[in-house]
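Listed here are the chains, written in short residue letters.
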Amino acid sequence: MKKQVIALLTAAMMVGAMAGCGAGGSDTTTAADTTAAETTTAGDTAAETDTEAEAEDGAETTAAIGGEGKVLVMATNAEFPPYEYHDGGDIVGIDVEVAEAIAGKLGMTLEVEDIAFDSIIPELESGKADIGVAGMTVNEDRLKNVDFTDPYTTASQVIIVKEDSEIAGPDDLKGKHIGVQLGTTGDIYASDYEADGSTIERYNKGFEAVQAMQQGKIDAVVIDQEPAKVFVSQNEGIKILDEALTVEEYAIAIKKGNTELLDQVNGALAELKESGELQAIIDKYISAE
Ligand code: GLN
């Protein structure tokens, strides 16, 4: 079976990179007036690291929309730098700032819920969270269960190996032990190699896969490019192979059929693209090559 290129959606393709510039955009502060906002650091990145419990007090999750002062609950998995990760007691990253900016535009307060990556879609389906923002790639399978906004960035899967590895490209993954993060598009991609005698080891965190490779338990890790760059920069003796494996797009997942919220978030996202604010957030975390 041939490696599947993650199904790119025509819908997703339509929104190009609108770098846009201009209008000295507002900074990413949520208009967190009165409501529920927990005791957060006064910092502007102010990602609150709430767990689901807090989402309850005083805060109907949106579903009903446009609510000034309402809480917008973002489900994520904060193990995915630079999109979402722990920084001291906070959860920070591109996705958190984008979600903060969207919440700000909708007059809502963002709450971040850190859960397992493969729990995010169920969390949306059950209505416990409003938006899934987790470097989540749009694919056909997920579209059966959730709706996606317009994409906010593109991404790809890459291979990480030890510097002295004999693996030089995708073909060399055949028959090898490949580590992935459970339930990700890297998992989907790598699983195709099972037919070639490869063994897939699935970890809850991408970083755990990298550690396992360093301990010699697996031969390679397939993961999204930007987290890969972070992991490689933080660890000696490992490298990213040049050849990218897929082209993917990240978008925000929303409960199926909640078109009202979908439209609102798309509207906010379009404004952030147009003002250049989205690009500015990305540039803050990812330096141009
Ligand atoms: N982009 C990958 C996916 O959507 C990985 C996301 C993640 O691990 N947070 O499956």
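Residues numbered from 1 in each chain as written. Predicted model: local features only at pLDDT ≥ 70, side-chain atom pairs only at ≥ 80, totals over all residues. Heavy atoms only, no water.

Engineer: In this structure, what is going on with the overall build of the chain? I would like to understand it.
Structural biologist: In terms of regular secondary structure, the chain is built from 10 helices and 15 strands. Counting the 289 residues in the chain, one finds 52% classified as buried. Counting contacts in the chain only where the partners sit at least 6 residues apart, residues at least 24 apart contribute 73% of the total. (Helix = DSSP H or I, 4+ residues; strand = E, 2+ residues; numbered from the N terminus. Buried < 20%, exposed > 50% of the residue type's maximum accessible area, 1.4 Å probe, protein only. Contact = heavy atoms within 4.5 Å.)

Engineer: Just checking my understanding: could you explain the pairing of strand β10 (residues 177-181) for this structure?
Structural biologist: Among the five residues in β10, four count as buried, and that is most of the element. Pairing between β10 and strand β11 (residues 199-203): five bridges, direction parallel. Residue pairing across strands places Ile178 opposite Ile200, the latter belonging to β11. You can see the chain leave β10, run along helix α6 (residues 185-191) and come back into β11, and the turn it takes is right-handed. Here two bridges tie β10 to strand β12 (residues 220-224), and the two strands are oriented parallel to one another. Bridge pairing in β12 links Ile178 to Ala220. (Pairing = 2+ DSSP bridges. Right-handed = clockwise from strand over helix to strand, strands pointing away.)

Engineer: Just to check I follow, could you spell out the pattern of salt bridges for this structure?
Structural biologist: Per the counting criterion, the structure on display carries 10 salt bridges. Close ionic contact of Lys105 with Glu271 constitutes a salt bridge, the shortest N to O distance being 3.1 Å. Separated by 166 residues along the polypeptide, Lys105 in helix α3 (residues 94-105) and Glu271 in helix α9 (residues 259-275) bring together distant segments of the chain. Here Lys256 makes a salt bridge to Asp147, at a shortest N to O gap of 2.9 Å. Of this pair, Lys256 sits in the loop between β15 (253-255) and α9 while Asp147 sits in strand β7 (residues 146-148), and the two are 109 residues apart along the sequence. Under the relative-accessibility criterion, Lys256 is labelled partly exposed at 40%. What you see here is one network of salt bridges that share partners, running through Asp187, Glu194 and Arg202. (Salt bridge = Lys/Arg side-chain N within 4 Å of Asp/Glu carboxyl O.)

Engineer: How should the sheet that holds β12 be read in this particular structure?
Structural biologist: Paired through backbone hydrogen bonds, the strands of a sheet run either parallel or antiparallel to each other. On the basis of which strands lie adjacent, the open sheet formed by five strands has the order β11-β10-β12-β9-β13 and mixed pairing. Of all strands in the sheet, those with a lone pairing partner are β11 and β13 (238-240), marking the two edges. Going from strand to strand, the sheet's axes swing by 30° on average, the running direction of each strand aside. Where strand β9 (residues 157-162) and β13 come together, three bridges link them in antiparallel fashion. Directly across from Val161, in β13, lies its bridge partner Lys239. (Axes fitted to C-alpha atoms, helices over the stretch in contact; angles between N-to-C directions.)

Engineer: So what exactly am I meant to see when it comes to the site of the ligand here?
Structural biologist: Close contacts around the ligand come from Phe80, Phe117, Ala134, Gly135, Met136, Thr137, Arg142, Gln181, Thr184, Thr185, Asp224 and Tyr250, and that covers them all. Here Thr137 contributes a backbone N or O atom positioned 2.8 Å from an oxygen atom of the ligand. One nitrogen or oxygen atom from the main chain of Thr185 is found 2.8 Å from an oxygen atom belonging to the ligand. Starting from 300 Å² of accessible surface for the ligand in isolation, the protein chains cover 100%. For the ligand, the cavity whose grid points lie within 2 Å of the majority of its atoms is the largest cavity. The residue inventory of the shell around the ligand, partitioned by class, reads five nonpolar, five polar and two charged. (Near = heavy atom within 4 Å. Polar contact = N/O pair within 3.5 Å; in protein donor to acceptor, adjacent residues only side chain to side chain. Areas by Shrake-Rupley, 256 points an atom, 1.4 Å probe, with all protein chains shown as cover. 1 Å grid on protein atoms, 1.4 Å probe; cavity = no way out; pocket = protein on both sides within 12 Å on 5 of 7 lines; lining within 4 Å. Sits in = over half its atoms within 2 Å of the grid points. Nonpolar A, V, L, I, M, F, W, Y, C, P; charged D, E, K, R; others polar.)

By themselves, these observations are geometric and do not establish any function.
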